[in-house]
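# Results of the structural survey
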Amino acid sequence: MTAIGIVGAARRTLARLGGLFRHRARERELAAELESHLAMHVEDNLRRGLPPDEARRQALIALGGVEAMKEAYRDQGTVPLVEHTIQDVRLALRQLGKSPGLAVTAIVVLALGMGSCLTVFGFVEAALLRPLPYRDPGRLLAVTESLAQMPRANLSYEDYKDWKAMNTVFTSLEAYNTGGQMLSTPRGAALVRGIRVSDGFFRTLGVTPILGRDFAPGEDLPTGPRLTLITYRTWQDRFGGNRQVVGTSVMLSGTAHTIIGVLPREFQFAPSEGAEFWTTLHADGGCDKRRGCHSMYGVARLKDGVTVDQAAAAMSLIAARLEQQYPDSNRGQGARVEPLADIIVGDIRPTLWLLLGGASLLLVIACVNVVSLLLVRTESRRRELSVRLALGASRGRIVRHFVTEAAVLVALGAGLALVIADAGMRLLVGLIPSDMMLTLPFLDGLGINRAVVAGAGVVALVALGIFSLGPLLVHSANDVRAGMADGGRGASGHAWRRIGAKLVVVELATAMILLAGAGLLGRSLYRLLNVELGFRADHLATVRVAAPGALFEKPGAAERLALDVEQRAAALPGITAVGLTSVLPVSFNGNTTWIRFVGRPYNGEHNEVNQRDVSPGYLAALGARLVSGRYFTAADDAGKPKVVVINQTLARTYFPNQDPVGQRLGDTSLTPGSITEIVGVVADVREGGLSQDIWPAVYLPIAQSPDTDFAVVVRTAQDPAAIVPALTAAIRQLNGDLGIFGEAVIEERIQMSPAAYLQRSSAWLVGGFAAVALILGVVGLYGVIAYSASQRTREMGVRMALGAGRSAVYRLILREAGTLALVGIVVGLAGAVAAATFMRKLLFDTPPWDVATLVTVAALLGGAALVASVIPARRAASIDPIHALRAE
Amino acid sequence: MGDKTDVWQGTLALMVLKTLATMGAQHGYGLARRIEQTSGGKLTVNYGTIYPALLKLEQEGAIAAEWGASENNRRAKFYTLTRAGRRLLAKEERSWEDTTAILARFLAPERAE
């Protein structure tokens, strides 16, 4: 084609596409043009002496078939395929508009199903499918030590150095540990989240600062300079995005650090828990130097050609060698190597898949529901379709009509679903507790994105296929004559009843699975929230205090601080008891120590127990129960012999059938300074998470094991939330340099703890899915039974005329409904047990075949089904046989 | 595609362009009459077929249309050749000559027999 040709064709196409919109105007103009044409021709004919009638006739003949010409003109004026499609869409919209109830129901049902699915998919995509934002993230591994009791344990710095030197499977191995830093600001000290990393950390991840430079090799040594990288957000929030910030110095916990760079905006590292300041390790703390003190985690990049399993095996060998070399500190210390993604999303992965499963089931029900609706509609339109076919509509055009109608439904449904999903994602992310959110940075700003839209597209295509196929299948069984003759009664009515019945069974069974899932999760949540805590969680509030270590280095200073804080708090009105602890209850099993008992044979085993440094009043303030002996008192201070209170699990484990009070214990080598005497046994306080086991625990007097970072727990007479501001103010008054954070009401803190949160959100979400599923399933059942009853009106009339009682008719309908419901429930039960087995790991103290739950759920669904079928049964039983017989 | 009407449409377009080029602005009826006259009465087609052809040329930008008054002071839609139309006409004329020349070579020997 020549240039002119191309331009011409392009212009023509544009004009024709444009023509789609100025349809009417063009028709009017053509009519005017033809009119003027005729008028001129008639005039000419008159001039040639023809009589008026003949003049007009001749002109019309010369012009030719006006309609055929108009058709040709119209086709030239626009694009027939598009024109037809627009007509189809218009027709579809008109048809849908004719039964707005049905259209709205179908669209809403589809949007709910798709919306739930897409909401969950958004989370799944962000957390599980999207690769971590590092170079070749699949080769990154989390490397930790491992104990029988604690499969994922911290790594000690000495072990880390040996692992780094000895391994041949990683291109690099880095260490990090998180911790707060006191940042000096013009407005006083502020506690900020920090993390210490080894020098090659960012090179291993493949992350480069956007401003300034990365840590250089050797800068993490104790002698290295004090440097820090800051996150993009910190750069913006604290330093106003000023590029001059690189090279300036900040005071972190009393030490000047030079800011050497800013991390990229999209950088995230979930285990950093929102760290703002990234400093180098400088392993000079007491813990870093002891091989037995575990405080770090490792991250490594796998060498090419090495698998994760090979790396794990190699690291286990190294760990075994170190175990032999350092039996005191390393006995039982294995190595654990796993994909980095596992430690980041491992905990929420099963929950997310569960929710996606639940939402998918809901989507299935929704689709089945819409298909039923469309089928009913096709039934009632059989006559119309037959007429159209008889009048010469091509099958293809009819098929296209069905597809267009389904497409309009799906498009509207999918559009609404995207809106629902966007709102749903934002709502759910907003509900995540802020502490937990720090460990889920990939959920930040979650909303509709390309992946979700693509997901919506896929679901929409599948739905389109199902929705257009359903009516087509039913319709293809139709024959034109039958459709026109009987007006939609008879054989195909039966066919529809059969299909409808099957669809209802699918719906009910799916609803049963979701209900059972929700029931089990609800029961599991109840069990979790009612687990024995070992203390009275009501009327307790807490706040955490951290003092810059540099300010409290003098002997007795930290001890003094703890006493002062306790006294200030106790003096506040409304506070009935005060206690301090190093770790709050219902947090985690960890911060452990190894103990050994005086006067007992010892073969080097590691008796790992939780260690909590607490004030004398702590256990009493919690409302823990003293089993024997005594709590410690203010007199048990640094100058006195060391004492310890143990929990019942420790007593049972190490002193079966024996009174532990008066026994003594110490560290693994029974260093004289470590020996303490057991003065009391307390009933188990749940130190770990709600779903975790109770570990043996020792409670040491904070005065004999002082720390500059502790939590204050107060028991109040009134609302515990109300006391928090006064408490914070009182502590701040004591010393302006103290970091004060973590204000919480203990009960809320427990409710919001990760285990409770995950369990509650999955229980609620699956419960919501199940509720919608129940409604849809029951409505579906109602639809089928009502339709079936209406189809059988004449039959009922005959039966009643022949002497059948109303109750017999009633029974007939109820039996039909009952059979469907029963089949649905039984199939659903089997599915429910299978599904529950699959989610067994997510259930706390609840077996997947929990009979009470399954029976309750089956009864609920059965009851709802009964209600749904009673209405049509009543209507059928109350018909007047005379009317019924005349109805045809 | 490629049936008789398309050929007719193609040649009709050429006739329209040529007529407009020689006569200047003209309305549909006038064009139809003129084409009929020029053909010496050999082309008797429905006048109506000219309108889709005019629309196509207008869409291509070869002609422009404007409502105006006819010689008898009647409202009519007048078509004029655009610059693109002139180029198109020149091109089509050449290609038509080529085509007829080629066809002539095929048909000439037969006549010679």
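Residues numbered from 1 in each chain as written. Chains lettered and ligands numbered in written order. Predicted model: local features only at pLDDT ≥ 70, side-chain atom pairs only at ≥ 80, totals over all residues.

## Topic: the overall build of chain B
Along its length, chain B carries 4 helices and 3 strands. When the elements of chain B are put in sequence order from the N terminus, they spell out α-β-α-α-β-β-α. With 113 residues in all, chain B has 30% of them scored as buried. Looking at chain B alone, contacts between residues at least 24 apart form 48% of all its contacts between residues at least 6 apart. (Helix = DSSP H or I, 4+ residues; strand = E, 2+ residues; numbered from the N terminus. Buried ≥ 20, exposed ≤ 12 C-beta atoms within 10 Å, placed from the backbone. Contact = placed C-beta atoms within 7 Å.)

## Some thoughts on the overall build of chain A
The secondary structure content of chain A amounts to 30 helices and 22 strands. Its C-alpha atoms give chain A a radius of gyration of 38 Å, more than 25% over the compact-globule value 29 Å for 888 residues. Here the C-alpha coordinates of chain A stretch approximately 135 × 85 × 60 Å along the principal axes. When contacts within chain A are restricted to residue pairs at least 6 apart in sequence, those whose partners lie at least 24 apart make up 82%. (Rg over C-alpha atoms; globule rule 2.2 N^0.38 Å.)

## Some details on the nonpolar core
Judged by nonpolar contacts, the single largest core of 227 residues is most densely connected at Met512(A), Leu514(A), Leu781(A) and Leu861(A). Among the elements that take part in this core, helix 20 (residues 491–529) of chain A stands out by supplying 17 residues, more than any other. Dropping the residues within four chain positions of it, Leu781(A) is found in contact with Val504(A), Leu508(A), Ala817(A), Leu820(A), Ala821(A), Ala865(A), Ala868(A) and Ser869(A). Among the nonpolar cores identified, the runner-up in size contains 30 residues, and Val16(B), Tyr29(B), Ala32(B) and Ala53(B) belong to it. (Core = buried A, V, L, I, M, F, W, Y, C linked by C-beta atoms within 7 Å.)

## Description of unusual backbone geometry
Residues and elements named next belong to chain A. Notably, Asp136 is not glycine yet its phi reads approximately 45°, a positive angle. Position of Asp136 relative to the elements: it lies in the loop between helix 6 (100–129) and strand 1 (140–146). Take Asp136: there are 13 C-beta atoms within 10 Å of it, and that puts it in the partly exposed class. Not every positive phi belongs to a glycine, and Asp845 is a case in point at roughly 55°. As for its position among the elements, Asp845 is in the loop between helix 28 (806–838) and helix 29 (851–877).

## Here we look at the domain arrangement of chain A
Once the domains are mapped, chain A shows domain 1 (3–78), domain 2 (154–332), domain 3 (349–529 + 755–886) and domain 4 (548–737). Taken over C-alpha atoms, the centre of domain 1 of chain A sits 81 Å from the centre of domain 2 of chain A. (Domains from an automatic or database assignment.)

## Notes on the pairing of strand 1 of chain A
Residue and element names in this part refer to chain A. Taking burial as the measure, the 7 residues of strand 1 include 6 buried ones, the bulk of the element. Pairing analysis gives 4 bridges linking strand 1 to strand 10 (residues 294–302), with the strands arranged antiparallel. Across the sheet, residue Leu141 finds its bridge partner in strand 10, namely Ala300. The pairing of strand 1 with strand 11 (residues 334–339) spans 6 bridges and is classified as antiparallel. Bridge pairing in strand 11 places Ala142 opposite Glu338. (Pairing = 2+ DSSP bridges.)

## A look at the interface of chain A and chain B
The partner chain B presents 22 residues to the 23 residues of chain A that form the contact. The element best represented in the side of chain A that touches chain B is helix 2 (residues 23–47) of chain A, accounting for 8 residues. In terms of residue class, the side of chain A that touches chain B is built from 11 nonpolar, 7 polar and 5 charged. (Nonpolar A, V, L, I, M, F, W, Y, C, P; charged D, E, K, R; others polar.)

## Details of helix 29 of chain A
Look at helix 29 of chain A: 37 Å from first C-alpha to last across 27 residues, which is about the 39 Å you get at 1.5 Å a residue. Along helix 29 of chain A, the sharpest change in direction is near 25° and occurs at Val870(A); proline Pro872(A) comes one to four residues later. (Expected span 1.5 Å × (residues − 1). Bend = angle between axes of the 7 residues up to and from the residue.)

## So, the sheet that holds strand 1 (residues 26–27) of chain B
Residues and elements named next belong to chain B. The 3 strands are arranged 1-3-2 in an open sheet whose pairing can be described as antiparallel. The two strands at the open ends of the sheet, each matched to only one other strand, are strand 1 and strand 2 (63–69). Where strand 2 lies against strand 3 (residues 75–81), 7 bridges are found, and the strand directions are antiparallel. Each bridged residue has a counterpart across the sheet, and for Trp67 the counterpart in strand 3 is Lys77.

## Examining the packing of helix 28 of chain A against helix 29 of chain A
Residue and element names in this part refer to chain A. Running from N to C, helix 28 and helix 29 cross one another at 155°; their axes reach a closest spacing of 9 Å. Regarding the angle of helix 28 to helix 29, the classification is roughly antiparallel. The two elements helix 28 and helix 29 meet at a crossing, and its hand is right-handed. Residues Arg806, Val809, Tyr810, Ile813, Leu814, Ala817, Ala821, Ile825, Leu829 and Ala832 of helix 28 lie in contact with helix 29, whose contacting residues are Leu854, Ala858, Leu861, Gly862, Ala865, Ser869, Pro872, Ala873, Ala876 and Ala877. (Axes fitted to C-alpha atoms, helices over the stretch in contact; angles between N-to-C directions. Parallel < 35°, antiparallel > 145°, perpendicular 65-115°, else oblique. Left-handed = near helix turned anticlockwise from the far one by under 90°.)

## Looking at the confidence of the model for chain B
Detailed reading of the predicted coordinates is not advisable wherever pLDDT falls low. Residues and elements named next belong to chain B. When pLDDT is averaged along chain B, the result is 80, and 84% of the positions lie at 70 or above. No element of chain B has a lower mean pLDDT than helix 1 (residues 4–23), which averages 76, and none a higher one than strand 3, which averages 89. Low pLDDT, under 50, characterises residues 1–6; the stretch is placed with 1 contact to residues that sit more than four places away or in other chains. Scored as a complex, the prediction yields pTM 0.76 and ipTM 0.84. (pLDDT = per-residue confidence, 0-100.)

## Quick notes on helix 24 (residues 720–734) of chain A
Residue and element names in this part refer to chain A. For helix 24, with 15 residues, the first-to-last C-alpha span of 22 Å sits near the 21 Å given by 1.5 Å per residue. All of the buried residues in helix 24 are Pro720, Ile723 and Leu727. Lining the buried residues of helix 24 we find strand 12 (540–546), helix 21 (557–571), strand 13 (575–581), strand 21 (709–716) and strand 22 (739–745).

## Points about the confidence of the model for chain A
Residues and elements named next belong to chain A. Averaged over every residue, the pLDDT of chain A is 87; the share at 70 or more is 94%. Here helix 19 (residues 480–486) is the element of chain A with the lowest mean pLDDT, 54, and helix 8 (residues 201–205) is the one with the highest, 96. Low pLDDT, under 50, characterises residues 487–491; the predicted model gives this stretch 5 contacts beyond four residues in sequence or across chains.

## Details of the environment of Ala13(B)
Residue and element names in this part refer to chain B. Here Ala13 is to be found in helix 1. C-alpha of Ala13 to C-alpha of Lys56: the two residues are 43 residues apart in sequence and 8.8 Å apart in space. Non-local contacts of Ala13, meaning those with residues more than four positions away in its chain, are made with Ala53 and Leu57.

## Looking at the packing of helix 7 (residues 157–166) of chain A against helix 11 (residues 308–325) of chain A
Residue and element names in this part refer to chain A. In contact at an axis separation of 10 Å, helix 7 and helix 11 are set at 130° when each is read in the N-to-C sense. Relative to helix 11, the element helix 7 lies oblique. As helix 7 packs across helix 11, the resulting crossing turns out to be right-handed. Across the interface between the two elements, Asp159, Asp162, Trp163 and Met166 of helix 7 pack against Met315, Ile318 and Leu322 of helix 11. Of the residues belonging to the contact of helix 7 with helix 11, the class tally is 5 nonpolar, no polar and 2 charged.

## Remarks on the pairing of strand 4 (residues 188–197) of chain A
Residues and elements named next belong to chain A. Most of strand 4 sits out of view: 7 of its 10 residues are buried. Two strands pair when backbone bridges link them, and strand 3 (residues 170–185) and strand 4 are joined in this way by 10 bridges, in the antiparallel orientation. Across the sheet, the residue bridging to Tyr176 is Val197, located in strand 4. Two successive antiparallel strands, strand 3 and strand 4, enclose a turn made up of 2 residues.

## Describing the environment of Ala509(A)
All names here are of chain A. For Ala509, the position within the fold is in helix 20. Residue Ala509 is classed as buried on the basis of its 24 C-beta neighbours within 10 Å. The sequence separation of Ala509 and Gly831 amounts to 322 residues, and the corresponding C-alpha distance is 7.7 Å. Once residues within four sequence positions are removed from consideration, Ala509 is found in contact with Gly824, Val827, Gly828 and Gly831.

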